[in-house]
Amino acid sequence: MAATDETGPAGRNTTVPGTPPTAGPPTDPAPRTGARMPRWLPRAMVLALALIAVFQFGSWAFHQLTGLLINVLIAFFLALAVEPAVSWMAARGVRRGFGTFLVFVGVLVVGAGFVTLLGSMLAEQIIKIVEDFPQYLDSVINWINTHFHTELRRVDIQENLLRSDWLRNYVQNSATGVLDVSAQVLGGLFRLLTIALFSFYFAADGPRLRRTICSVLPPARQAEVLRAWEIAVNKTGGYLYSRGLMALISGLAHYVLLEFLDVPYAPVLAVWVGVVSQFIPTIGTYLAGALPMLIAFTVAPWYAVWVLVFVVVYQQFENYVLQPKLTARTVDIHPAVAFGSVVAGTALLGAVGALIAIPAVATLQAFLGAYVKRYDVTDDPRVLGHRGSGGTGAFGRRVRGLWAQRRPEDDGAGPAAGVAGAGAAGSGAAGAAGPGEGGTAGAS
């Protein structure tokens, strides 16, 4: 046999008889297709995480800046409200910044004078109530003793009240809540200052603000933005006009009542009710009615009840009759839309939403109205609410026919007359419907 090399093919494939076959060297497995991570997957994961982080940060920042955004929104609508006065002064040569300053100073002076007058009046009435309180208490105790046969005394009631745990706890809670009240007052003042500052800048730099916004828009969009701005100014002014008119009507109505009851400071109280009930949303009605009730109580306790009844009745009349009509005329929106916008604004932004909901909805409606294509309405009677002849008309004819058949019986002619009348009616109908000249003559 010829010798063969172990490294050759014959040597690798031959085995010695009687010995088990030896395993060959390990071979590398075949590469798997798709086992490697795609190149786009890490970038997609990083992008998704970045988007989630940005969303979380934006949500956190929005919740932190909600108060500032609401203040800016209020300031914007206040700037729209004073825009006509500022533009009128600017058209007559007054610098826009100085004109805005004069308008704000005028509003501040009127508001400060109104608050000072009411504060002095309220202080005098509170002093009078405190001085006359023992007399009121004696009259109430005498009424209770007379009707319920009791033996109450004012001295005993005062001692029990001073020694009660309720009064002690109330004083302690009031003492601990002084710092909270002070913080709320300072926060309210800072908020008012912020709103006034933004309102001043929006009103004084209105042209510059509009120019800045229009500079980043094409000419067609610039015209739309300027038209929307003008609509917002008109609708906000109309809303304030309607509020002022309702304040005048409310003040006159409450003035007549207070004069009839001979309540002191009737003109000032009437102005208070008109202004507060119209320009402070949600709680303005209760604040407006509380002060006249307090002053009327100093005259006679039952006068306060009459004032309360009048305030409640007038408020219902204003909410369901006066306000929808005036709002629909001044801001040109349907009363139901006005009421729904106030409810929606209150649900979204509270008192601020209730105050700015109507001018915002009126502005949006007027702006979008230019993009709605309208068509001529057909002369169908159903448009006017009239039903077709197949409904009420057929039913009415059937009722009249039955009534005509029952009338002879009701007149006492007897059943025979009724049958004869029915037969005559039937023959007449058959003659009218029959062919030939008889049918034509009957029809004629």
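Residues numbered from 1 in each chain as written. Predicted model: local features only at pLDDT ≥ 70, side-chain atom pairs only at ≥ 80, totals over all residues. Heavy atoms only, no water.

1. Let's talk about the overall build of the protein chain
The helix and strand tally for the protein chain stands at 17 helices and zero strands. When the 444 residues of the protein chain are sorted by exposure, 23% land in the buried category. Taken as a whole, the protein chain presents about 31600 Å² of accessible surface, with 68% of it coming from carbon and sulfur. (Helix = DSSP H or I, 4+ residues; strand = E, 2+ residues; numbered from the N terminus. Buried < 20%, exposed > 50% of the residue type's maximum accessible area, 1.4 Å probe, protein only. Areas by Shrake-Rupley, 256 points an atom, 1.4 Å probe, with all protein chains shown as cover.)

2. Looking at helix H11 (residues 284–299)
Helix length check: H11, at 16 residues, gives a terminal C-alpha distance of 24 Å against a target of 22 Å (1.5 Å per residue), a fit within 8%. Those residues of H11 that fall on the buried side of the exposure criterion are Gly284, Thr285, Ala288, Gly289, Leu291, Pro292, Ile295, Ala296 and Thr298. (Expected span 1.5 Å × (residues − 1).)

3. With respect to the packing of aromatic side chains
Scanning all chains against the criterion turns up 10 aromatic pairs. Centre to centre, the rings of Phe76 and Trp229 are 5.7 Å apart; their planes meet at 85 degrees, and the pair counts as edge-to-face. Taken as a pair, Phe76 in helix H3 (residues 66–91) and Trp229 in helix H9 (residues 219–260) lie far apart in primary sequence, 153 residues in all. Residue class for Phe76 comes out partly exposed when judged on its relative accessible area of 26%. Residue classification places Trp229 among the buried positions, given a relative accessible area of 13%. Measuring from centroid to centroid gives 6.1 Å for Phe104 and Phe200, while their planes differ by 75 degrees, and the two rings are edge-to-face. Taken as a pair, Phe104 in helix H4 (residues 96–148) and Phe200 in helix H7 (residues 178–204) lie far apart in primary sequence, 96 residues in all. In this structure Phe104 comes out as partly exposed when scored by relative accessible area, which is 25%. An aromatic cluster is built from Phe76, Phe77, Phe198, Phe202 and Trp229, whose rings are joined through pairwise contacts. (Phe/Tyr/Trp six-rings, centres within 6.5 Å; stacked < 30°, edge-to-face > 60°.)

4. A short note on the confidence of the model for the protein chain
The pLDDT averaged across the protein chain works out to 75; a share of 75% of its residues lies at or above 70. When mean pLDDT is taken per element in the protein chain, helix H2 (residues 40–64) scores highest with 91 and helix H17 (residues 437–443) scores lowest with 40. With pLDDT under 50 throughout, residues 1–14 is counted as low confidence; its partners more than four residues away or in other chains account for five contacts. Note that residues 411–444 has pLDDT below 50 and, in this model, seven contacts with residues that lie over four places away or in other chains. (pLDDT = per-residue confidence, 0-100. Contact = heavy atoms within 4.5 Å.)

5. Structural notes on a nonpolar patch on the surface
Nonpolar side chains collect at one region of the surface, where Phe98, Phe101, Leu102, Val105 and Val109 lie side by side and expose about 440 Å² of accessible area between them. Inspection of the secondary structure assignment puts Phe98 in helix H4. Taking the relative accessible area as the measure of exposure, Phe98 reaches 47% and is therefore partly exposed. (Patch = residues over 30% accessible without salt bridge, like charges linked within 9 Å, V, L, I, M, F, W, Y side chains within 5 Å. Salt bridge = Lys/Arg side-chain N within 4 Å of Asp/Glu carboxyl O.)

6. Quick notes on the pattern of salt bridges
When the charged atoms of two side chains with opposite charge come close together, those side chains can pair. In this structure the tally under the stated criterion is two salt bridges. Between Glu224 and Arg221 there is a salt bridge, with the nearest N and O atoms lying 3.2 Å from each other. Pair noted here: Glu224 and Arg221 are both in helix H9, with a separation of three residues, about one helical turn.

7. A short note on unusual backbone geometry
Both trends apply: most residues other than glycine have a negative phi, and most peptide bonds are in trans. Residue His149 is not a glycine yet carries a positive backbone phi of 55 degrees. One can find His149 in the loop between H4 and helix H5 (154–162). Phi at Asp262 takes a positive value of approximately 60 degrees, unusual for a residue other than glycine. Mapped onto the fold, Asp262 is located in the loop between H9 and helix H10 (266–279). A residue is classified by how much of its surface remains accessible, and Asp262, at 61% relative accessible area, is exposed.

8. Digging into the side chain of Lys235
Secondary-structure assignment places Lys235 in helix H9. Judged by relative accessible area, which is 15%, Lys235 ranks as buried.

9. Let's talk about the nonpolar core
Counting residues in each nonpolar core, the largest one holds 18 residues, and the members touching the most others are Val263, Leu269, Trp272, Leu291 and Val307. Among the elements of the structure, H4, H9, H10, H11 and helix H12 (301–330) are those that each provide at least two residues to this core. No other element matches H10, which puts six residues into this core. Apart from the residues lying within four places of it in its own chain, the contact partners of Trp272 are Phe114, Leu118, Ser277, Leu287, Ala288, Leu291 and Pro292. One finds Phe77, Leu80, Trp229 and Val352 within the second-largest nonpolar core, a separate group that totals 11 residues. (Core = buried A, V, L, I, M, F, W, Y, C linked by side-chain atoms within 4.5 Å.)

10. Considering the packing of H4 against H10
For the pair H4 and H10, the least separation of the axes is 11 Å and the interaxial angle reads 125 degrees. Classified by the interaxial angle, the pair formed by H4 and H10 is oblique. For the pair H4 and H10, the crossing hand works out as left-handed. Of the residues in H10, those touching H4 at Phe114, Leu117, Leu118 and Met121 are Val268, Leu269, Val271 and Trp272. (Axes fitted to C-alpha atoms, helices over the stretch in contact; angles between N-to-C directions. Parallel < 35°, antiparallel > 145°, perpendicular 65-115°, else oblique. Left-handed = near helix turned anticlockwise from the far one by under 90°.)

11. What to know about H10
Across its 14 residues, H10 extends 20 Å between first and last C-alpha, which sits within 8% of the 20 Å expected from 1.5 Å per residue. Of all 14 residues making up H10, 10 are buried, and the element is well covered by its neighbours. For H10, the full list of buried residues reads Ala266, Val268, Leu269, Ala270, Trp272, Val273, Gly274, Val276, Ser277 and Gln278.

12. Description of the environment of Thr285
You can see Thr285 is positioned in helix H11. When the C-alpha positions of Thr285 and Gly274 are compared, they lie 9.3 Å apart, and in sequence the two are 11 residues distant. With residues up to four places along the chain from it excluded, the contact list for Thr285 reads Ser277 and Gln315.

13. So, the environment of Leu258
Along the polypeptide, Leu258 turns up in helix H9. Residues within four places of Leu258 in sequence aside, it is in contact with Val263, Ala266, Leu269, Ala270, Pro292 and Val307.

14. Structural notes on the side chain of Thr100
Of note, Thr100 is situated in helix H4. In this view, Thr100 contacts Val86, Phe200, Ala203 and Ala204; residues no more than four positions away in its chain are not counted.

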